[in-house]
Amino acid sequence: MLTEFIHRLDFTWRLILFTIISTLVVALSIAIPGNMIGRSIIYTSANQQIEIIRESKKNEFLEYFDFKVKDTFIFRKSIAATKRFMEMRTGVERVGGFERAKDLYRSLYIANNPNPPGSKQNLLEADNSEYSKAHAQALTFFSAIIKERNYYDAFLIDAKNGNILFTVAKEEDYMTSLSVGPYRDSNLGKLYRKIINSPDGGQQAQIVDYEPYAPSNNQVNSFIGTGIFIDGKLEAILAFQL
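Residues numbered from 1 in each chain as written. Predicted model: local features only at pLDDT ≥ 70, side-chain atom pairs only at ≥ 80, totals over all residues. Heavy atoms only, no water.

## Quick look at the overall build of the chain
(1) Moving on: Regarding its fold elements, the chain presents six helices and five strands.
(2) Moving on: Tracing the chain from N to C terminus, the helices and strands come up as α-α-α-α-α-β-β-α-β-β-β.
(3) Moving on: Within the chain, contacts between residues at least 6 apart in sequence are counted, and of these 54% link residues at least 24 apart.
(4) Moving on: Accessible surface, the chain: about 14000 Å² in total, of which carbon and sulfur atoms supply 59%. (Helix = DSSP H or I, 4+ residues; strand = E, 2+ residues; numbered from the N terminus. Contact = heavy atoms within 4.5 Å. Areas by Shrake-Rupley, 256 points an atom, 1.4 Å probe, with all protein chains shown as cover.)

## Some remarks on the packing of aromatic side chains
(1) Moving on: In the structure shown here, the tally under the stated rule is 13 aromatic pairs.
(2) Moving on: Centroid distance Tyr183 to Tyr213: 6.4 Å. Interplanar angle 50 degrees. Geometry classified as tilted. Taken together, the residues span a long stretch of sequence, with Tyr183 in the loop between strand E2 (164-167) and helix H6 (187-196) and Tyr213 in strand E3 (residues 206-213) at a distance of 30 residues.
(3) Moving on: Exposure remark for Tyr183: the relative accessible area of 17% places this residue in the buried category. (Phe/Tyr/Trp six-rings, centres within 6.5 Å; stacked < 30°, edge-to-face > 60°. Buried < 20%, exposed > 50% of the residue type's maximum accessible area, 1.4 Å probe, protein only.)

## Focus on a nonpolar patch on the surface
(1) Moving on: Taken together, the side chains of Tyr64, Tyr210 and Val220 make up a nonpolar region of the molecular surface, amounting to roughly 280 Å² of accessible area.
(2) Moving on: With respect to the helices and strands, Tyr210 occurs in strand E3. (Patch = residues over 30% accessible without salt bridge, like charges linked within 9 Å, V, L, I, M, F, W, Y side chains within 5 Å. Salt bridge = Lys/Arg side-chain N within 4 Å of Asp/Glu carboxyl O.)

## A look at the sheet that holds strand E5 (residues 233-241)
Paired through their backbone hydrogen bonds, the strands of a sheet run either parallel or antiparallel.
(1) Moving on: Taking strand neighbours across the sheet as the criterion, the five strands line up as E2-E1-E5-E4-E3 in an open arrangement whose pairing is antiparallel. Only two strands of the sheet have a single neighbouring strand rather than two, namely E2 and E3. Adjacent strand axes in the sheet meet at a mean angle of 25 degrees, parallel and antiparallel pairs treated alike.
(2) Moving on: Across the sheet, helix H5 (residues 130-149) is in contact with strand E1 (153-158), E2 and E5; its angle to E2 comes to roughly 50 degrees. (Pairing = 2+ DSSP bridges. Axes fitted to C-alpha atoms, helices over the stretch in contact; angles between N-to-C directions.)

## Considerations on the pairing of E3
(1) Moving on: As paired elements, E3 and strand E4 (residues 219-230) share six bridges and run antiparallel to each other. Within the sheet, the bridge partner assigned to Pro212 lies in E4 and is Val220.
(2) Moving on: Here E3 hands over to E4 after five residues, with Asn217 in that stretch at a positive phi of 55 degrees.

## Focus: H6
(1) Moving on: Residues of H6 that are buried include every one of Asn187, Leu188, Gly189, Leu191, Tyr192 and Ile195, and no others.
(2) Moving on: Buried-residue contacts for H6 involve E1, E2, E3, E4 and E5.

That is the geometry; function is a separate question.
The following block contains the structure:
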């Protein structure tokens, strides 16, 4: 029917119809690839932006952890991390060892601490013991550090046995063992083993993945730490909760 209709048209109308059809064909042939090219340009631009953002975030991430690594190297040499740790370890031995010290100091610094949860670090010296005197000085130092550097908590851990002799926050991990205690399988426990078993003997900083951490109400935290060396021997571990 279309062929008969075209044959009935005179030459002028045939020319007009041919021109219209030709124009439509050309327009479509340009428009469809143009649309595809336009989309391709948009997608390419979007992917480039994503890569730029991803690279930027990656660099920010690396810079953040590089800064934290430098912190561990600086503060592990502080008097608070070396001398005060040794004084606290001696203080623990003088009250009869870790098990007795655990009961005593958890009672003083957690259970009978007059400050509410989240403010337990305000109790500097709970008694006149050698441990508490060293604790007060370490707490003053590390409380300022975690506030200034935006850490959640700081730890001094005995490298020999995984005993946590000091924390700032005084949560349930305080005075527990990362070798045999309830948090040995936490990411802090993993950090402890990673450091003491590292090929460099604890010289380099180590970090563990973000995981829920039970003592901190299962908040997702990571930890970074390194060995504390006294007279060339690995004696303790300084760790920060991120």
